[in-house]
Amino acid sequence: MTYAITQTCCNDATCVAVCPVNCIHPTPEERAFGSTEMLHIDPRACIDCGACADACPVDAIFPVDSLSPGQREYADINAAYYEGGEPAPEAEGPNFHAWGEPVFERSLPSDFGPLRVAVVGTGPAGMYAAQDLLLHTAAEVTLIDRLPVAGGLVRYGVAPDHPATKKVGDTFSRFHSHPRVRMHLGIEVGRDVTAEELSAHHDAVIYAVGASTDKRLGVPGEDSPGCVSATAFVAWYNAHPEAVAQGVDLSAAERVVVVGNGNVALDVARILVADPEALAGTDIAAHALDALRASRVREVVVLGRRGPEDAAYTRSELLALKHLPGVELVVEDHDPRTAAAIDAAGAGDRAGVLKGLARVRTDAASPVGGERRIVLRFHSEAVEVLGGGGGVRSVRVTDGGGQRDGSGRRDGGGERDGDGTADLSAGLLLRAIGYRGLPVPGLPFDEASGTVPHEGGRVAGLPGSYVVGWIKRGPSGGIGANRTCAAETVGTLLADAVAGELPAPTGDAKAFRRLARQRNRRVVDARGLAAIDRAERDRGRRDGRPRVKLATVEELVATARSGRLLRLGR
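What you are looking at is a predicted structure, and each value in this text was computed from that prediction instead of being measured.

Reading across from one edge, β10-β20-β11-β12-β15-β13-β14 is the order of the seven strands in this open sheet, with parallel pairing throughout. Each end of this open sheet is capped by a strand with a single partner; those strands are β10 (227–229) and β14 (359–360). Relative to β14, strand β13 (residues 327–332) runs parallel, the two being bridged by two bridges. Residue E332 lies in a different strand from β14, and its bridge partner there is V360.

Once that is clear, we can look at the pattern of salt bridges. Within the structure shown, the criterion is met by 38 salt bridges. Taking the shortest distance from any N to any O, the salt bridge between D283 and K166 comes out at 3.6 Å. Taken together, the residues span a long stretch of sequence, with D283 in the loop between α11 (276–279) and α12 (286–293) and K166 in helix α6 (residues 163–166) at a distance of 117 residues. Comparing D283 with K166, the two get one shared label, buried. For E277, the salt bridge is made with R293, and the minimal N-O distance between the two is 3.0 Å. Of this pair, E277 sits in helix α11 while R293 sits in helix α12, and the two are 16 residues apart along the sequence. Judged by its relative accessible area of 48%, E277 falls in the partly exposed class. Through salt bridges with shared partners, a single ionic network connects R155, D533, E536, R537 and R547.

Generally speaking, soluble globular proteins have nonpolar side chains that are buried together. Ranked by internal contacts, the top residues of the largest apolar core, which has 123 residues, are I24, I206 and Y237. Listed in part, the 21 residues of the second largest apolar core include A195, F445, V452 and F512.

Turning to unusual backbone geometry, a few remarks are in order. With an omega dihedral of -5 degrees, the bond running from H25 to P26 counts as a cis peptide bond. Take P26: it is sitting in the loop between β2 (24–25) and β3 (40–41). Of note, N11 is a non-glycine position whose phi angle comes to about 65 degrees, a positive value. Tracing the chain through its elements places N11 in the loop between β1 (3–5) and α1 (14–18). In the Ramachandran plot, N22 falls in the positive-phi region, its phi being about 55 degrees despite a non-glycine side chain.

Cut-offs used in this document
- Residues numbered from 1 in each chain as written.
- Predicted model: local features only at pLDDT ≥ 70, side-chain atom pairs only at ≥ 80, totals over all residues.
- Heavy atoms only, no water.
- Pairing = 2+ DSSP bridges.
- Helix = DSSP H or I, 4+ residues; strand = E, 2+ residues; numbered from the N terminus.
- Salt bridge = Lys/Arg side-chain N within 4 Å of Asp/Glu carboxyl O.
- Buried < 20%, exposed > 50% of the residue type's maximum accessible area, 1.4 Å probe, protein only.
- Core = buried A, V, L, I, M, F, W, Y, C linked by side-chain atoms within 4.5 Å.

Everything listed here is a matter of geometry and, on its own, says nothing about what the molecule does.
Here it is, written out as structure tokens:
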């Protein structure tokens, strides 16, 4: 029996480090690492020890013979990765793969003293950086977040029906109560403290603030009611405190158009048509669950500007859609290039996953009754949002691949115009075309890329300041990509410390704590965070769910304070 890596692979390579026979690839030392959608286990080299499954932070590794019907394809995916490119086995020994020479990228002097480092942002990027510092140095770490609860992307970005992926949060949460960690949640740089004040109280500051806004379509009607960013929609169904009040009305729309072809686009499409009772067993926001139960959405059309061979989503996310209960996955057949790409695709190609799916022509009117479905429409982009009645009435999309009829209009795919566009009736449009970073007050910012200029993580022109994650490299890579990103940034920081290039702080940890609480009386510490966690889990147990999230800043702060006072005996 061998093991296989499945859909929720996070690519952080924890499994690579524990494999005794080097049968998981690509490794962080190999060129393909970071460019493959997931890691793969060689079935011929696997010795069935299970070390990788024990170490996996997102429960993505299972014995092949225990895979569910929806996961069995991953056994073939793992095996196919090694076909045709297998290196020769060692001349002596059982390994199919040769171990490389050990590499020691860091060297700290024996008298290297403890640093005091602030990490701004408690999502995966920030926590991988904190983990690196805590495990490999004697650093004291100050964790700062503008929200009164930790978690970042893990808490507010991962879809609720991906509970295994959320388990990486358990890996990070063990550091929240670490004896060398001080936590200040609810503190925003630029509002409560300045970047200069942070630097004055720490040897170094690492900014892991992510990419918190979205890219815009730039088309007429985009600001109409009923046009929502996927960023806001994901935050809404994940109970982000800043998204609750906005709400999303699903009671009128039978069709939703999602613009984008990445994993986020597939996430929101899947949530929109999934069985609400299946979602009731997750940590989805209570208000979102109520809205989905009352939803009239029957069809989601996912628009991709390019063809299926160039889609940005991963094969694993697309495979999951094929096995979504009660939901049909189909391909819009308006453009002959789509069918040609699917028919020509190999088994290992992204477009090859679409073989065997029904090919349809979308009617202008929304579907009524029948099975819910997701329609993948390639070679098409939104050019205008048409409003009516205070919301979205239809979305005008390009339709350049269909055949013209006698009137000059193109056949199939909605109500056609003579200019090569089609109007798809829809009551809601979600744009999912990418994230974008926002400026951090006090730091330089590149408007073109939405990132902070840096060299190996070192902020340009600001000694002692560093960046990690999406604000460093742009919105690319999943959770696991932040591990290698953080390793680079921490390595640069430590090299600067050894070289004596870090500015000396003028204040200590106690002074910063006083400053933070003077500026914001609602700061949440590690004990308050633990109280929030207990309260949410208790609410979840009553409803048969893993947790029921507190959805407003007021609820979070009040719960943190009441739990802290209870522990103090007040």
